[in-house]
Amino acid sequence: MTNDQQEPLRLFIGIEPDAATQQFLDATVAHCKRLPLPRKLRWTSYSNRHLTLAFLGDTQPDRIPALESGLSDIAAGTAPLWATIVSTHPFPKQRAKLLAAELLPNPALDALHRKCAQLTLSIGKKPEVAGFRPHFTLARSPGGFSRIAPMPTEFQCQLDNIVLYQSVMAPGGSQYHPLVRYSLRGHSE
């Protein structure tokens, strides 16, 4: 098979949570497991947790070098930032198939999202049109989460990286494999 005939890869750009944020999410999951939850649900594994910045979907492998270069440039020009996890609830609405820890949007995170959307456009992909609502998915249920009231929180998490992930279908659900990871290394203004 030539390079022109390679299978597309399902890709997205995200942020990997740091150790402190993972600990907070672990504690949140432990609390949620004591609640009345749907029988059929799948918890997001530690290694699959991320904050999605841009979904690319099926992407030809020959686009990866441009993505790597663009992400490197974004990382070089973006300072590490802080954001606040403000609530854990069914996402994106009260009766939804996801349970997520949602972050309060902030200008720096919104700017990073816009840069990733521009990179998506630059390689010929259409960015998602839905509004950006930063979150970490904690669990999925085909029947949805309808009996869980929002749980307010206030956790400051540091967002200090940008990752190009590949989503690979597996028997227990998709697995997310980092293809390239860059530390945010710009300077704060």
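Everything here concerns the structure above.
Not measured: the values here are computed from a predicted model.

A. Representation of the packing of aromatic side chains in the model. Under the defined criterion, the tally for this structure stands at 3 aromatic pairs. Relative to Y165, the ring of F12 has its centre 4.9 Å away and its plane inclined at 15°; by these criteria the two rings are stacked. Of this pair, F12 sits in strand β1 (residues 9-15) while Y165 sits in strand β8 (residues 161-168), placing them 153 residues apart in sequence. Residue F12 is classed as buried on the basis of its relative accessible area of 5%. Look at F12 and Y176: their rings are 5.2 Å apart centre to centre, the planes differ by 90°, and that puts the pair in the edge-to-face class. A residue pair is termed long-range when its members are at least 10 positions apart, and F12 in strand β1 and Y176 in strand β9 (residues 175-183) qualify at 164 residues. An aromatic cluster of three or more residues is present, and its members are F12, Y165 and Y176.

B. How the structure looks around the pattern of salt bridges. Taken as a whole and assessed by the stated rule, the structure comprises 3 salt bridges. With a shortest N-O distance of 2.8 Å, E16 and R181 are connected by a salt bridge. Separated by 165 residues along the polypeptide, E16 in the loop between β1 and α1 (19-32) and R181 in strand β9 bring together distant segments of the chain. A residue is classified by how much of its surface remains accessible, and E16, at 30% relative accessible area, is partly exposed. Two residues, E102 and R133, come together in a salt bridge whose shortest N-O distance is 2.9 Å. Of the two residues, E102 is situated in strand β5 (residues 96-103) and R133 in the loop between α3 (107-122) and β6 (135-145); the sequence distance between them amounts to 31 residues.

C. Layout of the pairing of β9. Where β8 and β9 come together, 8 bridges link them in antiparallel fashion. Bridging across to β9, I162 finds its partner in Y182. Hairpin connection from β8 to β9: 6 residues lie between these consecutive antiparallel strands, with G173 at a positive phi of about 115°.

D. Quick look at the nonpolar core. In this structure, I13, L53, L71, I85, L159, I162 and L164 are the most contacted members of the largest nonpolar core, which totals 37 residues. Per element, the largest residue contribution to this core is 5 residues, and it comes from helix α2 (residues 64-76). Those residues in contact with L159 that sit more than four places away from it in its chain are I15, L51, P80, L81, A83, L103, L109, F136 and L184.

E. Examining α3 more closely. Taking 1.5 Å as the rise per residue, α3 with 16 residues should run 22 Å; its terminal C-alpha atoms sit 22 Å apart, in good agreement. Residues L109, L112, C116, A117, L119 and T120 constitute the buried set of α3. Taken end-on, α3 shows its buried residues confined to a sector of 160°, consistent with a single buried face. Across from the buried face of α3, at angles greater than 90 degrees, the exposed residues are P107, Q118, L121 and S122. Against β1, β3 (51-59), α2, β4 (81-91), β7 (151-159) and β8 lie the buried residues of α3. The N-cap of α3, judged by a side-chain oxygen 3.1 Å from the amide nitrogen of A108 a few residues on, is N106.

Cut-off values and rules
- Residues numbered from 1 in each chain as written.
- Predicted model: local features only at pLDDT ≥ 70, side-chain atom pairs only at ≥ 80, totals over all residues.
- Heavy atoms only, no water.
- Phe/Tyr/Trp six-rings, centres within 6.5 Å; stacked < 30°, edge-to-face > 60°.
- Helix = DSSP H or I, 4+ residues; strand = E, 2+ residues; numbered from the N terminus.
- Buried < 20%, exposed > 50% of the residue type's maximum accessible area, 1.4 Å probe, protein only.
- Salt bridge = Lys/Arg side-chain N within 4 Å of Asp/Glu carboxyl O.
- Pairing = 2+ DSSP bridges.
- Core = buried A, V, L, I, M, F, W, Y, C linked by side-chain atoms within 4.5 Å.
- Contact = heavy atoms within 4.5 Å.
- Expected span 1.5 Å × (residues − 1).
- Arc of directions from axis to C-beta.
- Polar contact = N/O pair within 3.5 Å; in protein donor to acceptor, adjacent residues only side chain to side chain.

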